[in-house]
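Inside the fold
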Amino acid sequence: TIFCHSNAQSSCTSHFSQQTLPNGAPLVNFSGFHRMMPIMVYAAIVHFSIPSLAQEVSQKSQLGNIFAVTFVLCAFLYTYIGTIGAWYFGGDVQQSVNLNWADYHGGTGEIFSDADGQKLTWIHVAWWARMLSFFILIFPAINVVSTFP
């Protein structure tokens, strides 16, 4: 996978800075329940846009199926992506998970430290790993700009 490439000996190569294995995450943590409120508000607001979305559909009898498939698919994909991100990055997950991809190097390159040994930087990282990291980092901004009328 992108997170962890296993070879025949089942060892794991570091792909994100120094992290080689998933950090893990608890299945349920109610202490962060208040953080879910903006998501719940957003979900409620989405329902206000359903009439304008439905207006564009020519076969109104298919609206139930279209919305059901769309919501189930979105719920599955967001749950999958969120679960994988929480499982892999654990307590180190950023508020916006795409920021965790800033140090992605795909198991390529080598680590370089400054003269003091304080700052660690990856050098000679493969072009495809840098492009993947850049795309994932910039995607939310592109997504927001693309919604402009």
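These lines cover the structure that appears in this document, whether it is placed above or below. Not measured: the values here are computed from a predicted model. (Residues numbered from 1 in each chain as written. Predicted model: local features only at pLDDT ≥ 70, side-chain atom pairs only at ≥ 80, totals over all residues. Heavy atoms only, no water.)

Describing unusual backbone geometry
Despite not being glycine, H124 has its phi angle at roughly 60 degrees, a positive value. Inspection of the secondary structure assignment puts H124 in the loop between β2 (120-123) and α4 (127-146). Residue H124 is classed as exposed on the basis of its relative accessible area of 61%. (Helix = DSSP H or I, 4+ residues; strand = E, 2+ residues; numbered from the N terminus. Buried < 20%, exposed > 50% of the residue type's maximum accessible area, 1.4 Å probe, protein only.)

Comments concerning the layout of surface pockets
Each pocket or cavity is described by its volume, and for the second largest pocket that value is around 230 Å³. Taken together, 13 residues form the lining of the second largest pocket, with A102, D103, Y104, W122 and R130 sitting closest to its centre. Sorting the residues of the lining of the second largest pocket by element identifies β2 and α4 as the ones contributing at least two each. Looking at the lining of the second largest pocket residue by residue, the classes come out as six nonpolar, four polar and three charged. (1 Å grid on protein atoms, 1.4 Å probe; cavity = no way out; pocket = protein on both sides within 12 Å on 5 of 7 lines; lining within 4 Å. Points joined across faces, edges and corners; volume = space filled by probe spheres on them. Nonpolar A, V, L, I, M, F, W, Y, C, P; charged D, E, K, R; others polar.)

A closer look at the packing of aromatic side chains
Under the definition given, this model contains six aromatic pairs. Ring geometry for F67 against F71: centres 6.1 Å apart, planes inclined by 25 degrees, an arrangement best described as stacked. Pair noted here: F67 and F71 are both in helix α3 (residues 63-89), with a separation of four residues, about one helical turn. Look at F71 and you get partly exposed, because its relative accessible area is 38%. Where F135 meets F139, the ring centres are 5.6 Å apart and the plane angle is 50 degrees; that geometry is what we call tilted. Pair noted here: F135 and F139 are both in helix α4, with a separation of four residues, about one helical turn. On the basis of relative accessible area, F139 is assigned to the partly exposed category, the value being 41%. Following the ring pairs from residue to residue traces out a cluster consisting of W87, Y88 and F89. (Phe/Tyr/Trp six-rings, centres within 6.5 Å; stacked < 30°, edge-to-face > 60°.)

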